[in-house]
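Chains, contacts and geometry: an overview
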Amino acid sequence: MDIRPILSTLTRHKTAAALIVLEIALSCAIICNALFIVSQRVETLNLASGMDDNQLVEIALSGIGKQVDGDARTAEDLATLRAIPGVERAAIVNQLPFQSGSWNTGLTTTPEPDAQSVNAAQYMVGEQTLATMGLDLVAGRDFNADEFESSAILEQELDVSKLRASVIITQPLAKQLFPDGSAVGKTLYMANIPLTVVGVVDTLLRPNMQNNNRTYSVLFPIRMNFSNGGRFLIRVSDPARRDEVLAQALAALEKNDPNRLTWRKLTFEEGRAKFFANDRDMIGLLLIVSVLLLLVTALGIIGLASFWVQQRTKQIGIRRALGATRGQILRYFQTENFLLAGIGIVVGMLLAYLLNQWLMGRYELPRLPLLYLPVGAVALWLLGQVAVFGPARKAAAIPPAVATRST
């Protein structure tokens, strides 16, 4: 079809055409970035923690009133928890994935003070933690019994050279620190403290995941207690019994020592759901905004096309009297919309790129993949063609006799 008559007509309706182009451009820019953010959030929601999420229960306590020795009470608590029917294992840890706070540390492969450090989440774990969490040990070994130290004893240690030096790290951290070979048996440094890597686990997420290196974690054989930051992690044999086991565990801990306040008691999956509540809300909001934008764009196209059909009724009748078929009239309006959408999409792609640059600088969002642009373009072109189809059919149905009527 010759597009010159179409372009000539559009130049006589500059304002209306410009509004549709602007509407399509803004929709393209916003929707491309919104759907990219949604995909990022969905990917984050589905991140594997590295643990057996559906088998874990978490309890955190703090002391009130007169307190006994924290280490002794925690050892008693762990023995009690492990004796509960349905409990496979129980351990004490300082933190878990999907929590707002995070203990972190810097690691280097050289003791030089100016060496570039890699930031990693610092997990302090007691006996049976790897088995309780369900971590996949891909190289090396678990901690030996004689490698665990009490955090209370370490707090009193003034000579850091006497500290135990065994650690287990995640595979992504191992590849970052030792890209040329195995990390097992190698030495790391935390400040001036040498650490020997004895094992490598597949993955273990950082608690708050705010750092880009979400899977950089290091485990220390440092046994916390309930009163100085430790929390109990319980592994159940049957995920269906988690609530039952949780209730029994709380009752057992209360019986052990009633002078304590329980400030966290939930399954690990519940904790994960709470952590991502805002992300799920954002996903829903962005999807609603995207749908509304598409709806407004479609209504705008329908409204403009209907207006132009009404304005050109006699012109269309003349064309029909001169031999134009219904198919040609239909293709005229579809081609007109295709051209307007094309101009809007080109402008929208530029706006999408600029908006993504702003989001990258302001919110550390990754670069928008180029794939989103052609996908968005095709979607908006299809939307335009569907939206204009009704008015175009109405125009094609105008009889040639209209040409004989007076205006």
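All of the points below concern the structure found in this document. Because the structure is a prediction, the values reported are computed rather than measured. (Residues numbered from 1 in each chain as written. Predicted model: local features only at pLDDT ≥ 70, side-chain atom pairs only at ≥ 80, totals over all residues. Heavy atoms only, no water.)

1. A word on the nonpolar core
The following threshold applies: We define a nonpolar core as any set of buried Ala, Val, Leu, Ile, Met, Phe, Trp, Tyr and Cys residues linked to one another through side-chain atoms lying within 4.5 Å. Burial classes: relative accessible area under 20% of the type maximum marks a residue as buried, over 50% as exposed, and values in between as partly exposed (1.4 Å probe, protein chains only). Secondary structure elements are defined from DSSP: runs of H or I of at least 4 residues count as helices, runs of E of at least 2 residues count as strands, and each element is numbered from the N terminus. The contact rule is simple, with two residues in contact once any of their heavy atoms fall within 4.5 Å.
Formed by 44 residues in total, the largest nonpolar core has its most connected members in Ile24, Ile329, Phe333 and Leu340. Mapped onto this core, the elements with two or more residues apiece are α1 (4-11), α2 (14-45), α9 (277-311), α11 (326-363) and α12 (372-396). Those residues in contact with Leu340 that lie beyond four places of it in its chain are Leu10, Ala17, Ile20, Val21, Ile24 and Trp308.

2. Looking at the side chain of Arg206
Our working definition: Two N or O atoms form a polar contact when they lie within 3.5 Å of each other; inside protein one atom must be a possible hydrogen donor and the other a possible acceptor, and for residues adjacent in sequence the pair counts only when both atoms belong to side chains.
Structurally, the position occupied by Arg206 is in the loop between β9 (193-201) and β10 (217-220). What makes Arg206 buried here is its relative accessible area of 2%. At 2.9 Å, the side chain of Arg206 forms a polar contact with the side chain of Asn104. A distance of 2.4 Å separates the side chain of Arg206 from the side chain of Asn119, its partner in a polar contact.

3. Here we look at the pairing of strand β7 (residues 166-170)
Heads up, the rule is: Strands qualify as paired when DSSP identifies two bridges or more between them.
Taking burial as the measure, the five residues of β7 include five buried ones, the bulk of the element. Burial along β7 is two-sided: the face carrying Ser166, Ile168 and Thr170 and the face carrying Val167 and Ile169 are both buried. As paired strands, β7 and β9 are joined by five bridges and run parallel to one another. Each bridged residue has a counterpart across the sheet, and for Val167 the counterpart in β9 is Val197. Sheet analysis places β7 next to β10, joined by two bridges and oriented antiparallel. The residue bridging Ile168 from the neighbouring strand is Leu219, located in β10.

4. Description of helix α7 (residues 242-256)
Filter applied, for reference: Between the first and last residue of a helix there are one fewer steps than residues, each counted as 1.5 Å, and that sum is the expected span. Note: the arc covers the axis-to-C-beta directions of the helix.
Between its terminal C-alpha atoms α7 stretches 21 Å, which fits the 21 Å expected from 15 residues at 1.5 Å a residue. Every buried residue belonging to α7 is among Arg242, Val245, Leu246, Ala249, Ala252, Leu253 and Asn256, and all of these are buried. One side of α7 carries all its buried residues, which in axial view fall inside an arc of 130 degrees. When the buried face of α7 is taken as reference, the exposed residues oriented beyond 90 degrees from it are Asp243 and Lys255. The secondary structure elements touched by the buried residues of α7 are β1 (56-63), α3 (70-82), β2 (87-93), β12 (231-236), β13 (260-267) and α8 (268-275).

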